[in-house]
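Residues per chain are reported as follows:
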Amino acid sequence: MDIGEVESWIDSNWSTAATLREWWSALFEAGLAFPTWPQGLGGLGFSAAESRLVSDALAAAGAAGPPSGVGQHLGAPTLLVHGTAEQRWAWVPVLARGEESWCQLFSEPDAGSDLAGLQCRAVRDGDEWIVNGQKVWNSGASRADRGLLLARTDPAVPKHLGITYFVIDMHQPGIETRPLRQMNGDAEFDEVFLTDARVGNDRIVAGLGEGWRVAQTTLAHERANIGGRRSAGATFAPGAANGLLDQRLGDLLAPPSRDGEPERARIGGGYLLPRSAALRLAANSGRSGDGALRQQLTDYVSRLEVNRLTTIRARDNSREGRPGAEASIGKLAMSNLARRSRDLAMPLLGAAGMLSGTDAPDGGAVQHMALSSFAAGLGGGTDEIQRNVLGERALGLPREPQPDRDVPFDRTPRV
């Protein structure tokens, strides 16, 4: 299928009368859900460049893009590299059709930057494993069908060697999720408690004790996505728990109301102030002619463009199964841009910056962005971790000292 055929297919099949489930199924059957994935699994084996053309065509037609979530951006790409044939055919099509929502169960209260120090245990019981532990900062865990779980299966070996990667069912006794309220007012993360939860031996990805190696693939894809995701039209969360699958596309794509929270869409609603919003804020503040401000705006817009191009390179490499150092570069750049965005926008609001919600300009979108900016340097690996990755893996610098690296985990002192 060439790009002309893609555009023709979109013209013939896109309809706002369809439900989201029907549209995602149609994208899957055509191989246009995730074009770089193999045929039959939601793709056509396209190159990253060809996949970008499909994204552009969907956006140009005003069509909804494919499902967007942890399973689609992290889980499926990891399974395509490390999963068995049975695992790929069981789960990748389901993710491509948006039928399930997945979450990532990596970080723990005492294992964030030192992820290999995780203490969640999985003990074998016949053909199953019994899992006990706590995970934290898990996006969308309360609505997830499955989780990408790292658990310690062998505490008698050094910490990096005793970890196994599982795909665990979230809808079972013994798994409890609790929302975490952030300072921006949102609760997009959860903490997860696992108490005698069970996962089958056939849910191990890549083999016993291979969890750290598999996790590096997942984390590389995560960095590439956090650095900036190219939108293929409007995107929606997958899975039944998100309540969107059987809604009509016309209703989902209807313009937001002008009251309160939906006004954030005019600013962007994330970590960064879009170029157009930055220019509008400057004009509204009456400072468009201020030389110093113009220099700040020029610097900010230039950095946005550089990061956009770096992100395209990172995402293309990720889609083709070779995520590289540019993913960490893009992640660091995103953190820096989030801080610059905050420090540029808030002074432009002046005294109005102290307001929030419906009392504030644009429904408090700039304030929400400012309070969200800190997360950019934490999620997906802190800035310090990204610098370590670049220094050690890209530049070949000496590794950071890790006295416990070769010590059996059960002999490592715990604070």
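Fair warning: this is a prediction, and the values are worked out from it, not measured in the lab.

Thresholds applied
- Position numbers for residues count from 1 along each chain, tracking the sequence in the order it is written.
- Thresholds applied to this predicted model are a pLDDT of at least 70 for local features of residues and 80 or more for the giving and counting of side-chain atom pairs; totals over whole chains, interfaces and linings are not thresholded and use all residues.
- Each side-chain value is worked out from all heavy atoms of the structure, with water and hydrogens disregarded.
- By the criteria applied, helices consist of DSSP H or I runs no shorter than four residues and strands consist of E runs no shorter than two, each listed in order from the N terminus.
- The atom set for the radius of gyration is the C-alpha atoms, and the globule formula is 2.2 Å times the number of residues raised to the power 0.38.
- Exposure classes here rest on a 1.4 Å probe applied to the protein chains alone. A residue is buried below 20% of its type maximum, exposed above 50%, and partly exposed in between.
- By definition in these notes, contact holds between two residues if any of their heavy atoms fall within 4.5 Å.
- Each accessible area value is a Shrake-Rupley result obtained with a 1.4 Å probe; residue values ignore everything except the protein chains displayed when judging cover.
- As used throughout, the charge tally considers Lys and Arg to be positive and Asp and Glu to be negative, leaving His and the chain termini uncounted.
- Here the site of a charge means atom NZ of a Lys, CZ of an Arg, CG of an Asp or CD of a Glu.
- Patches here are clusters of residues that have more than 30% relative accessible area and form no salt bridge, with a 9 Å joining cutoff for like charges and a 5 Å cutoff for nonpolar side chains (Val, Leu, Ile, Met, Phe, Trp, Tyr).
- For this document, the term salt bridge refers to a Lys or Arg side-chain nitrogen within 4 Å of an Asp or Glu carboxyl oxygen.
- For Phe, Tyr and Trp, rings pair up if their centres lie within 6.5 Å, where Trp contributes its six-membered ring, and each pair is then called stacked (planes under 30 degrees apart), edge-to-face (over 60) or tilted (otherwise).
- Only when the NZ of Lys or the CZ of Arg is both within 6 Å of the ring centre and within 35 degrees of the ring normal is a charge said to sit over the ring.
- Note that a disulfide, as used here, is simply two cysteine sulfur atoms within 2.5 Å.
- Working rule for helices: expected span equals 1.5 Å times residues minus one.
- Nine residue types can take part in a nonpolar core, namely buried Ala, Val, Leu, Ile, Met, Phe, Trp, Tyr and Cys, and a core is a set of them joined through side-chain atoms within 4.5 Å.
- Lines fitted to C-alpha atoms define the axes here, with helix axes fitted over just the stretch in contact, and angles between the N-to-C directions of these axes take values from 0 to 180 degrees.
- Roughly parallel means an angle under 35 degrees; roughly antiparallel means over 145; roughly perpendicular covers 65 to 115; every other angle is labelled oblique.
- Handedness of each helix crossing follows the sense of rotation of the near helix against the far helix: counterclockwise by less than a right angle gives left-handed, clockwise gives right-handed.
- Polar here means any residue outside two lists: the nonpolar Ala, Val, Leu, Ile, Met, Phe, Trp, Tyr, Cys and Pro, and the charged Asp, Glu, Lys and Arg; Gly therefore counts as polar.

Caption draft 1: Seen up close, the overall build of the protein chain. If you tally the helices and strands in the protein chain, you get 13 helices and seven strands. Taken against the 2.2 N^0.38 rule, which gives 22 Å for 415 residues, the C-alpha radius of gyration of the protein chain at 22 Å falls within 12% of a compact globule. Reported as C-alpha extents along the three principal axes, the dimensions of the protein chain are approximately 70 × 50 × 40 Å. In the protein chain, which comprises 415 residues, the proportion classed as buried is 49%. Of the contacts formed within the protein chain by residues at least 6 apart in sequence, a portion of 72% connects residues at least 24 apart. Of the accessible surface of the protein chain, which amounts to about 18800 Å², a share of 52% is contributed by carbon and sulfur atoms. Across the protein chain, 43 positive and 50 negative side-chain charges occur, with their mean positions spaced 5 Å apart.

Caption draft 2: Expanded view of a negative patch on the surface. Judged by side-chain charge, D2, E5, E7 and D11 come together as a negatively charged surface patch. Along the chain, E7 turns up in helix α1 (residues 3–13). On the basis of relative accessibility, which here comes to 42%, the residue E7 falls in the partly exposed class.

Caption draft 3: Structural view of unusual backbone geometry. Despite not being glycine, A206 has its phi angle at roughly 75°, a positive value. Take A206: it is sitting in the loop between β7 (189–200) and α6 (211–226). Note on A206: relative accessible area 28%, which makes it partly exposed. In this structure, D362 is a non-glycine residue whose phi angle is positive, near 55°. D362 gets classed as buried once you look at its relative accessible area, which sits at 10%.

Caption draft 4: Region of the structure containing the packing of aromatic side chains. Under the defined criterion, the tally for this structure stands at seven aromatic pairs. Measuring from ring centre to ring centre gives 4.9 Å for W14 and W23, while their planes differ by 70°; the resulting arrangement is edge-to-face. Like W23, W14 is buried. An aromatic cluster of three or more residues is present, and its members are W9, W14 and W23. Between R342 and the ring centre of F374, over which it is positioned, the NZ or CZ distance is 5.1 Å.

Caption draft 5: Inspection of the state of the cysteines at higher detail. Summed over the entire model, instances satisfying the criterion amount to zero disulfides. Just so you know, C103 is unpaired, no disulfide at all, and the nearest cysteine sulfur is the one on C120, 12 Å from it. By relative accessible area, C120 is classed as buried at 1%.

Caption draft 6: Broad picture of helix α3 (residues 48–60). Taking 1.5 Å per residue, 13 residues should reach 18 Å; α3 reaches 18 Å between its end C-alpha atoms and fits that length. Among the residues of α3, A48, S51, V54, S55, A57 and L58 are the ones counted as buried. Residues of α3 that are buried in the fold lie against α1, α2 (20–30) and α10 (291–319). A positive phi of about 75° marks G62, the residue just after α3.

Caption draft 7: The arrangement of the side chain of Q367 in detail. Position of Q367 among the secondary structure elements: in helix α12 (residues 365–372). We classify Q367 as buried; its relative accessible area is 7%. Aside from chain neighbours lying at most four places away, what touches Q367 is M346, L349, A352, G353, L355 and A360.

Caption draft 8: Local environment of the pattern of salt bridges. Evaluated as defined, the whole model comprises 21 salt bridges. A salt bridge links R21 to D246; the nearest nitrogen and oxygen atoms lie 2.9 Å apart. On the criterion of sequence distance, the pair formed by R21 in helix α2 and D246 in the loop between α6 and α7 (249–252) is long-range, its members being 225 residues apart. In this structure, the salt-bridge partner of D343 is R342, at a minimum N-O distance of 2.9 Å.

Caption draft 9: Summary view of the environment of G207. Within the fold, G207 resides in the loop between β7 and α6. Relative accessible area serves as the criterion here: at 26%, G207 is assigned to the partly exposed category. Residues G207 and Q247, 40 residues apart in the sequence, show an inter-C-alpha distance of 40 Å.

Caption draft 10: Quick look at the nonpolar core. Residues W23, L27, F106, L148 and L150 are the most contacted members of the largest nonpolar core, which totals 50 residues. Of all hydrophobic cores here, the second largest spans 19 residues; its members include C120, V131, L149 and A151.

Caption draft 11: Representation of α12 within the structure. Counting buried residues along α12, seven of its eight residues qualify, which places the element largely inside the surrounding structure. Turning to α12, its buried residues are A365, V366, Q367, H368, M369, A370 and S372.

Caption draft 12: Geometry of the packing of helix α4 (residues 70–82) against α6. At their nearest, the axes of α4 and α6 sit 9 Å apart, and the two run at 140° to each other. The orientation of α4 relative to α6 falls into the category oblique. For the pair α4 and α6, the crossing hand works out as right-handed. Residues H73, L74, P77, T78, V81 and H82 of α4 pack against R213, V214, T217, T218, H221, E222 and N225 of α6. Partitioning the contact of α4 with α6 into residue classes produces four nonpolar, seven polar and two charged.

Caption draft 13: Structural view of the environment of T84. Summarising the element assignment, T84 is placed in the loop between α4 and α5 (85–96). C-alpha separation for the pair T84 and E176, spaced 92 residues apart in sequence, amounts to 29 Å.

These figures capture arrangement, not role.
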